[in-house]
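Here's the letter readout for the chains.
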Amino acid sequence: MKTLLELYPLYLRHPVITIDSRTCPPGSIFFALKGASQDGNRFAAQALENGCAYAVVDDPKVKTDDRMILTADALQTLQQLARLHRETLGIPVIGITGTNGKTTTKELLAAVLSVRYNVSYTQGNLNNHIGVPLTLLRLTDRNEMAVVEMGANHPGEIRELAQMARPDYGLVTNVGCAHLEGFGSLEGVIRTKGELYDFLRETGGKIFIHKDHPHLQAIAGGLEAITYGAGDDAQVTGRVTDCRPFLRLEWSCKTVRYAAETQLVGDYNLWNVLAAIAAGCYFDVPPAGINAALAAYKPANHRSQWEKTSRNELIIDTYNANPDSMKAALRNFAALPDRPKAVILGDMRELGAQSLAFHEEVVELLQSFAFDRVLLCGEHFTAAGSARYPCFPEVKALSDCLSGNRLEGYHILLKGSHGVHLEKVIDRL
């Protein structure tokens, strides 16, 4: 077996990592990870045939080639290699987590900081125990800064990711009721997200913090903070000036005021934008550069997107949903003056024993708004709202309904957890 110090020089000569034997750039290194239904060791030989220079395996039975590197645990080796590489480069790392908005904030932060620095950042949603080391192993000596997203669905996970990424700065966007099957309660969410603060407290790091968020303020003691918020007591302040359909804002830093435009939908994105502005100001990105980066950033992957079809105008936010983000999206949509309005909601997943109650809360909120059409999709919304609204237990039934009963001339909000796949009905709208 090779030691980590023996493996690292090989990685430096072959710095492209893959965990998919079907995607093997020439000269890359394949890590044979075990999944719920597949064992990567079975595909190590195929990875070498497909172009990999080496394959890291943890099953002695598959080692039939000198280019196979046997370790005790391939995943652990990947994580240890990533930490060693991060520590070797020594560039500033900003760690981001939170219940809502962490991916959008990560991308805004990267866009703003890239005005002045060579920034590497988490691609897509690679924010777990596999995604974080892959992100770290994409770093090169050309990078001047890294932005690393950290996701979690159970206690202790953020602590493990922080130990690996070793962030110098941290940003928790917010905390709310999500992944309650793993966290158990809102208090469990707060404790887990706060593990990023705990790490920074132990290592002397700094945080960017929403000054108006009481849960974050309650756990931020002892940390040097760069603050953003609505009040003048924050170092970076801002307010929404328009949201039809895109968010526009006025922001200030050191008493100087600026106006910014974005391509984001929803006033709730103000805090994500201000977080990026705060980081930009701290790292001396010029205000004009900050505004240019905000205006150029276009959301993707069905997060806070606006789309005009031949028949309707859509607000698409179907990548994730929990009670807080669902209610925020509905309130923002209700405040828009456009008519007529239709709302298509999908279930909020992973809410545990409280799931029905949370869906009933959303149904009650819907009742307070005069939306012209409401369609609900998923077993939880069907249980909570079938007495009041048309409900569809799964997305195919909803799609069939929209095929036969076309919506035309509407402003439509689509919001739900990714597992419901509401994006499959977009072509029906």
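It should be noted that the structure appears before, not after, this text.
Residues numbered from 1 in each chain as written. Predicted model: local features only at pLDDT ≥ 70, side-chain atom pairs only at ≥ 80, totals over all residues. Heavy atoms only, no water.

## Structural notes on the overall build of the chain
In step 1: Counting secondary structure elements, the chain contains 16 helices and 19 strands.
In step 2: Here the C-alpha atoms of the chain give a radius of gyration of 23 Å, agreeing with the 22 Å that 2.2 N^0.38 yields for 429 residues.
In step 3: Seen through its C-alpha atoms, the chain measures out along the principal axes to roughly 65 × 55 × 40 Å.
In step 4: Here the chain, with 429 residues, has 54% of them falling under the buried criterion.
In step 5: Of all intrachain contacts in the chain linking residues separated by at least 6 positions in sequence, the fraction that spans at least 24 positions is 63%.
In step 6: Accessible area for the chain stands at about 18,200 Å²; split by element, carbon and sulfur atoms hold 49% of it.
In step 7: In the chain, which carries 43 positive and 48 negative side-chain charges, the distance between the mean positions of the two groups comes to 3 Å. (Helix = DSSP H or I, 4+ residues; strand = E, 2+ residues; numbered from the N terminus. Rg over C-alpha atoms; globule rule 2.2 N^0.38 Å. Buried < 20%, exposed > 50% of the residue type's maximum accessible area, 1.4 Å probe, protein only. Contact = heavy atoms within 4.5 Å. Areas by Shrake-Rupley, 256 points an atom, 1.4 Å probe, with all protein chains shown as cover. Lys, Arg positive; Asp, Glu negative; His and termini not counted. Charge placed at Lys NZ, Arg CZ, Asp CG, Glu CD.)

## Description of the environment of Gly98
In step 1: Following the sequence through the fold, Gly98 ends up in the loop between strand S5 (93-97) and helix H4 (102-113).
In step 2: For Gly98, a relative accessible area of 0% corresponds to the buried category.
In step 3: A C-alpha to C-alpha distance of 7.6 Å links Gly98 and Gly151, two positions 53 residues apart in sequence.
In step 4: In contact with Gly98, other than residues within four places in its own chain, are Val172, Thr173, Asn174 and Lys193.

## With respect to the sheet that holds strand S13 (residues 256-265)
The strands making up a sheet are joined through hydrogen bonds of the backbone, oriented either antiparallel or parallel.
In step 1: The mixed open sheet is built from nine strands, whose spatial order is S6-S7-S5-S8-S9-S10-S11-S12-S13. Each having just a single partner strand, strand S6 (119-121) and S13 make up the two edges of the open sheet. Neighbour to neighbour, the strand axes of the sheet diverge by 20 degrees on average, direction disregarded.
In step 2: One ladder, built from two bridges, connects strand S10 (residues 224-229) with strand S11 (residues 236-243); its direction is parallel. Its bridge partner being in S11, Gly229 is matched across the sheet by Thr237.
In step 3: Most of the contacts of helix H11 (residues 270-282) go to strand S12 (residues 246-253), to which it runs at about 35 degrees, and overall it touches strand S8 (169-172), strand S9 (206-210), S10, S11, S12 and S13. (Pairing = 2+ DSSP bridges. Axes fitted to C-alpha atoms, helices over the stretch in contact; angles between N-to-C directions.)

## Notes on the packing of H4 against H11
In step 1: Close contact between H4 and H11 brings their axes to 9 Å; oriented N to C, the two are set at 35 degrees. Once H4 is placed against H11, the crossing between them reads as right-handed. Across the interface between the two elements, Thr104, Thr105, Leu108, Leu109, Val112 and Leu113 of H4 pack against Asn272, Val273, Ala275, Ala276, Ala279 and Gly280 of H11.
In step 2: Each residue belonging to the contact of H4 with H11 can be placed in one class, and the counts come to eight nonpolar, four polar and no charged. (Left-handed = near helix turned anticlockwise from the far one by under 90°. Nonpolar A, V, L, I, M, F, W, Y, C, P; charged D, E, K, R; others polar.)

## Section: the packing of aromatic side chains
The relation between two aromatic rings is expressed through the spacing of the ring centres and the mutual angle of the planes.
In step 1: Per the stated rule, a full pass over the model turns up twelve aromatic pairs.
In step 2: With 5.7 Å between their ring centres and 65 degrees between their planes, Tyr169 and Tyr282 make a pair best called edge-to-face. Taken together, the residues Tyr169 in strand S8 and Tyr282 in helix H11 connect sequence positions 113 residues apart.
In step 3: Using a relative accessible area of 29% as the deciding quantity, one classes Tyr282 as partly exposed.
In step 4: Taken together, Tyr117, Tyr169, Phe208, Tyr282 and Phe283 form an aromatic cluster joined through their ring pairs.
In step 5: Over the ring of Tyr319 we find Arg303; its NZ or CZ atom is 3.8 Å from the centre of that ring.
In step 6: The ring of Phe333 is capped by Lys341, whose NZ or CZ atom sits 5.4 Å from the centre of that ring. (Phe/Tyr/Trp six-rings, centres within 6.5 Å; stacked < 30°, edge-to-face > 60°. Lys NZ or Arg CZ within 6 Å of the ring centre and 35° of its normal.)

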